[in-house]
2 protein chains.
Amino acid sequence: MAFSLAAVERFFKVLGDDNRLRILQVLGTGERSVSEILDQTRLPQTLASFHLRILREAGVLTAERRGPFIYYRLAERSLLNLLEACAKYAETLTDPKAGPEFHWPPWGQMCRMMGQRRR
Amino acid sequence: MAFSLAAVERFFKVLGDDNRLRILQVLGTGERSVSEILDQTRLPQTLASFHLRILREAGVLTAERRGPFIYYRLAERSLLNLLEACAKYAETLTDPKAGPEFHWPPWGQMCRMMGQRRR
DNA sequence: TCCTCATATAAAAAGATGCTCATATACTAG
DNA sequence: CTAGTATATGAGCATCTTTTTATATGAGGA
């Protein structure tokens, strides 16, 4: 019921970024070198490196050097399922601020109109 | 496999905040008026209102006015399960940047020392 | 050893977010 | 209608995050 706030917050903060999600999407299909990640995401090298570091330091990714290349992979494959679950939920979210301004229903007014008293 | 980036990103961004998570934690136990939320979170009124708006506009919360009070509740109770799943994952994350600086293993050097060649 | 490739790090610039303070709106009681 | 309570909104700052630009490090080959 009371989950560990700090941990979850960090998790959401780390994943709450477009570029990092795209990187994860690429790595979801398996281990990749940085060069491959650059190709597939079209991110500038230095920016990708920045985000990879964040993911790595959060423990989401694992890095290993082999020769001149550094290979990244998901630390836990189970992250993919979690992402899918989140995506599923996220896509059901209906955005209630459809119009330019959200307006509170004029409760008191309506009650008067309908001859009702507050309960 | 390829989840809807934009939706998930927004979801993570909205949940990636300490105060918002605390609000959700309170609402996890059921519907609450703003006053009650203020009591339980000890947030300044205006700040709580700010975060409530973000959660509401994201579709995570639902608000309804009854008399002078406005009651908030989770739009989808299933969010709680999702949060728990995320918490579970988040808590397993081992932070690899233990020391002040992370150092890449000196692969080439090690190979030379061990008389190996790159493959 | 020197050069080049692959990748990381640091510092500065640009952008986004969260917080506070002041004020507005909706409702109810008198 | 007036005053008081409940809650929302808006402007300005401070802070944190992302992006860019410049530079460093480590590996392999000539």
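Higher on the page you've got the structure.
It should be emphasised that the depicted structure is a prediction, and the values quoted were computed from it without experimental measurement. (Residues numbered from 1 in each chain as written. Chains lettered and ligands numbered in written order. Predicted model: local features only at pLDDT ≥ 70, side-chain atom pairs only at ≥ 80, totals over all residues. Heavy atoms only, no water.)

Trainee: Hey, could you run me through the interface of chain B and chain A in this one?
Mentor: Interface size is often expressed as the accessible area that is lost when the parts come together. Opposite the 53 residues of chain B that make contact, chain A presents 54 residues. Our count for the contact surface shared by chain B and chain A stands at two residue pairs in polar contact (both at pLDDT 80 or more). At the level of elements, α1 (5-15), α2 (18-27), α4 (45-57), β2 (61-66), β3 (69-74) and α5 (78-92) of chain B are the ones that each hand at least two residues to the side of chain B that touches chain A. A breakdown of the residues in the side of chain B that touches chain A according to their chemical character gives 30 nonpolar, seven polar and 16 charged. (Contact = heavy atoms within 4.5 Å. Polar contact = N/O pair within 3.5 Å; in protein donor to acceptor, adjacent residues only side chain to side chain. Helix = DSSP H or I, 4+ residues; strand = E, 2+ residues; numbered from the N terminus. Nonpolar A, V, L, I, M, F, W, Y, C, P; charged D, E, K, R; others polar.)

Trainee: What should I look at first to understand the sheet that holds strand β1 (residues 32-33) of chain A in this one?
Mentor: Within a beta sheet, neighbouring strands are joined by backbone hydrogen bonds and run either parallel or antiparallel to one another. All names here are of chain A. Reading across from one edge, β1-β3-β2 is the order of the three strands in this open sheet, with antiparallel pairing throughout. On the outer flanks of this sheet lie β1 and β2 (61-66), each paired with one strand and no other. Alignment of β1 against strand β3 (residues 69-74), held across two bridges, turns out to be antiparallel. Each residue of the ladder has a partner; that of R32, found in β3, is Y72. Set on the sheet, helix α2 (residues 18-27) makes contact with β1, β2 and β3; between it and β3 the angle comes to about 90°. (Pairing = 2+ DSSP bridges. Axes fitted to C-alpha atoms, helices over the stretch in contact; angles between N-to-C directions.)

Trainee: Would you explain the pattern of salt bridges in this entry?
Mentor: Per the counting criterion, the structure on display carries twelve salt bridges over all chains. Linking R66 of chain B and E31 of chain B is a salt bridge whose minimum nitrogen-to-oxygen distance equals 3.0 Å. Highlighted residues: R66 of chain B in strand β2 and E31 of chain B in the loop between α2 and β1 (32-33), separated in sequence by 35 residues. You can call R66 of chain B partly exposed: its relative accessible area is 24%. Ionic pairing is found between R73 of chain B and E64 of chain B, a salt bridge with its closest N-O pair at 3.8 Å. Taking the relative accessible area as the measure of exposure, E64 of chain B reaches 34% and is therefore partly exposed. Within the structure, one salt-bridge network assembled from shared partners comprises E31, E64, R66 and R73 of chain A. (Salt bridge = Lys/Arg side-chain N within 4 Å of Asp/Glu carboxyl O. Buried < 20%, exposed > 50% of the residue type's maximum accessible area, 1.4 Å probe, protein only.)

Trainee: Would you mind showing me how to read the protein's contact with DNA strand C here?
Mentor: Neighbouring DNA strand C are 30 residues; S35, T46 and Y72 of chain A together with T46 and H51 of chain B lie closest to it. Taken together, the sugar and phosphate atoms account for 74% of what DNA strand C places within 4 Å of the protein. Here a phosphate oxygen of DNA strand C and a side-chain polar atom of N19 of chain B are 3.0 Å apart. For DNA strand C, a phosphate oxygen lies 2.9 Å from a polar atom in the side chain of R20 of chain B. At the level of elements, α3 (34-41), α4 (45-57), β3 and α6 (107-113) of chain A together with α2 and α4 of chain B are the ones that each hand at least two residues to the surface near DNA strand C. Sorting elements by how many residues they give to the surface near DNA strand C places α4 of chain A first, with five residues. Split by residue class, the surface near DNA strand C holds 13 nonpolar, ten polar and seven charged. (Near = heavy atom within 4 Å.)

Trainee: So what exactly am I meant to see when it comes to α1 of chain B here?
Mentor: Residues lying three or four places apart along an α-helix face the same way, a consequence of the helix completing one turn every 3.6 residues. The buried count for α1 of chain B comes to eight of eleven residues, which makes it a mostly enclosed element. When α1 of chain B is considered as a whole, its buried residues turn out to be L5, A7, V8, E9, F11, F12, V14 and L15 of chain B. Buried-residue contacts for α1 of chain B involve α1 (5-15), α2 and α5 (78-92) of chain A together with α2, α4 and α5 of chain B.

Trainee: Would you mind going over the packing of α2 of chain B against α4 of chain B with me for this structure?
Mentor: Helix-helix packing is described using two parameters, namely the angle between the two axes and the distance between the axes. All names here are of chain B. At a minimum axis distance of 10 Å, the contact between α2 and α4 shows a crossing angle of 80°. Here α4 runs roughly perpendicular to α2, going by the angle between their axes. Contacts from N19, R20, I23 and L24 in α2 reach L47, A48, H51, L52, I54 and L55 in α4. Of the residues in the contact of α2 with α4, the class split is seven nonpolar, two polar and one charged. (Parallel < 35°, antiparallel > 145°, perpendicular 65-115°, else oblique.)

Trainee: I'm lost on the sheet that holds β2 of chain B in this one. Help?
Mentor: Residue and element names in this part refer to chain B. Strand order in this open sheet of three strands is β1-β3-β2, and the pairing throughout is antiparallel. In this open sheet, the two strands that pair with only one neighbour each are β1 and β2. Here six bridges tie β2 to β3, and the two strands are oriented antiparallel to one another. Considered in β3, the bridge of R65 is made with I70. α2 contacts β1, β2 and β3 of the sheet and is inclined by roughly 90° relative to β3.

All quantities given are derived from atomic positions and should not be read as evidence of function.
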